[in-house]
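Report on the structure
Next come the chains, spelled out residue by residue.
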Amino acid sequence: MDLADLILVIDEGTTSTRAVAFDLQGRVAAEAGRPLTQVYPRSGWVEHDAAEIWDRTLACANEVAADVGAERILSIGITNQRETVVFWEKTDGSPLAPAIVWQDRRTARICADLRAAGHEAAVQAQTGLLLDPYFSATKIGWALENWPAVKAAADANRLAAGTVDAYLRFRLSGGDTFETDASNAARTLLMDLKSAEWDEELCRLFGVPPSVLPFIGACSGALGETRLIGGRTLSITGAAGDQQAAAMGQDCLRPGAVKSTYGTGAFLLANAGASVPVSEQRLLSTLGWKVDLETIYALEGSIFVAGSAVDWLRDQMGLLASAAESEGLARSVDDTSGVVFVPAFAGLGAPQWEPEARGVITGLSGASGKAHVVRACLEAVGNQTADVLEAMAADGVEPGVLKIDGGMVKNDWLCQDLADATGIEVERPNVVETTALGAAMLAAIGCGAYASPREAASAMRTVDRRFSPILPDEARRERRAGWKRAVDQVMAGLPA
């Protein structure tokens, strides 16, 4: 009798790596997590230890396999922080250098020079992306120029460079699989969005040899095998970047459906259907997922700092004992008393796309207290979300409901504030870690447990509650105006 009834998901994030076992109704059977160390060698630089990523990912996966029983695992799904680049040996998978994290700003000057040379319009038309250090290509080019070990490996055809999913699949398969999925490849500035293939001209522009890059495959199906989890051979049948996986997990399967995930940063994705969307508002066109013969595209707005601002208040400023304490402090005051927090620690993402921007807190007075600053920090999440939704509306996407997920949305006050800031209904699912749930859906489709994304979503996603706006329209307009003034101050203070 076949006892396999669970999907094991590896969810490798920015500040932690997790493994979660889901049953085929989307319920969590077991989970395990480990923190990841973020290293800041210089201002604006962010790195990970790729060996730590691998060791802790494998430990989490085996812990969950032992907890549920490896014989119950149908297959494996993988989801990951996108844009982060790992450099490793093709011979044995050993890392050659630190991983450069998506938040890293070290290539801002390279992007500015390429923009000044007139390349951005052509790059955007081909990739759907803008010239920003957020994306992977300039990170790879920079490493080849500045890290001798990486350059030497490339010259000897020993270098593998790819996003975290490709690295994990290589290590899990013992080097048999050197492949990424199309949703992750779409975040590199090196993939042609329509063909879903690496483009030689883009590779030349960014100084990236195509030979170092993995094969681009689908998000669901036979994606590799591993013998390193649970003591048995398991198939990998689902893979997607974290935001695309979250859109799948949120049942954003119809054009116009929008989800927003709140973790380290916040990312809004709108399903754009089978055609590549074109944004006039500096939003991103990206690939949503590739399942069987169907490719779905998306419109995306990226917010670089959300939960990490709360972590900053806790770890750097000492204003919180825990992130959970932020909800009570926000509730303890009626408003921010004029305090506005623009947490541009890693620059501003959509719609400004300004990598040189840095955070500010404005409106401080002698009456300002800890609670006002904490509330302003949480309100910044709603304000940035409203910025992106306004840009989406100008591009023709106006959702009737915003589907939210991620660790931050366990905070009821934040969920209500998102509704108030945006003026639309907000929907929270029962499983708020929908990044992992979406990867489980893709894996369930890939192993044949479900026939389609629609069937998987119908079985595995359920709604917890909805939050409706209660803030009067005039108060919302005043709040938005105050936020925009603060962002204008940030932009006005940029170096010439």
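Before going into details, it helps to say that this report is about the structure given with it. Predicted model, so just to flag it, every value in this text is computed and none were measured.

1. Observations concerning the pairing of strand β22 (residues 425-429)
Both faces of the sheet carry side chains from a regular strand, because those side chains alternate between them. Counting buried positions over the five residues of β22 gives four, a clear majority of the element. In the sheet, β22 pairs with strand β23 (residues 463-467) via four bridges, with the strands oriented antiparallel. Bridging from a neighbouring strand, R428 pairs with R465 of β23.

2. Things to note about the sheet that holds strand β18 (residues 294-303)
Consider a sheet: its strands pair through backbone hydrogen bonds, and that pairing is either parallel or antiparallel. Strand order in the open sheet formed by seven strands is β17-β18-β16-β15-β21-β22-β23, and the pairing between neighbours is mixed. Strand pairing shows two members of the sheet lacking a second neighbour, β17 (284-291) and β23, which therefore form its edges. Mean inter-strand twist for the sheet, computed between neighbouring axes without regard to direction, equals 30°. Examined bridge by bridge, strand β15 (residues 258-262) and strand β16 (residues 266-273) share five bridges and lie antiparallel to one another. In the strand pairing of β16, T261 is matched with F267. The strands touched by helix α9 (residues 242-249) are β15, β16, β17 and β21 (401-405); relative to β17, the strand with the most contacts, the crossing angle is about 65°.

3. Some words on the packing of helix α12 (residues 370-394) against helix α13 (residues 412-422)
Packing of α12 against α13 leaves a shortest axis separation of 9 Å and a crossing angle of 40°. Taken together, the axes of α12 and α13 lie oblique to each other. Between α12 and α13 the crossing geometry is right-handed. Of the residues in α13, those touching α12 at R375, L378, E379, V381, G382, N383, T385, A386 and L389 are W413, L414, D417, L418, A421 and T422. Split into classes, the residues belonging to the contact of α12 with α13 amount to eight nonpolar, four polar and three charged.

4. A look at the pattern of salt bridges
Going through the model one piece at a time under the given rule, you end up with 37 salt bridges. Residue R479 is joined to E379 by a salt bridge in which the shortest nitrogen-to-oxygen separation is 3.9 Å. Of this pair, R479 sits in helix α16 (residues 473-492) while E379 sits in helix α12, placing them 100 residues apart in sequence. For E379, a relative accessible area of 11% puts it in the buried group. Between E427 and R466 there is a salt bridge whose closest N-O contact spans 2.7 Å.

What counts, and at which threshold
- Residues numbered from 1 in each chain as written.
- Predicted model: local features only at pLDDT ≥ 70, side-chain atom pairs only at ≥ 80, totals over all residues.
- Heavy atoms only, no water.
- Buried < 20%, exposed > 50% of the residue type's maximum accessible area, 1.4 Å probe, protein only.
- Helix = DSSP H or I, 4+ residues; strand = E, 2+ residues; numbered from the N terminus.
- Pairing = 2+ DSSP bridges.
- Axes fitted to C-alpha atoms, helices over the stretch in contact; angles between N-to-C directions.
- Contact = heavy atoms within 4.5 Å.
- Parallel < 35°, antiparallel > 145°, perpendicular 65-115°, else oblique.
- Left-handed = near helix turned anticlockwise from the far one by under 90°.
- Nonpolar A, V, L, I, M, F, W, Y, C, P; charged D, E, K, R; others polar.
- Salt bridge = Lys/Arg side-chain N within 4 Å of Asp/Glu carboxyl O.

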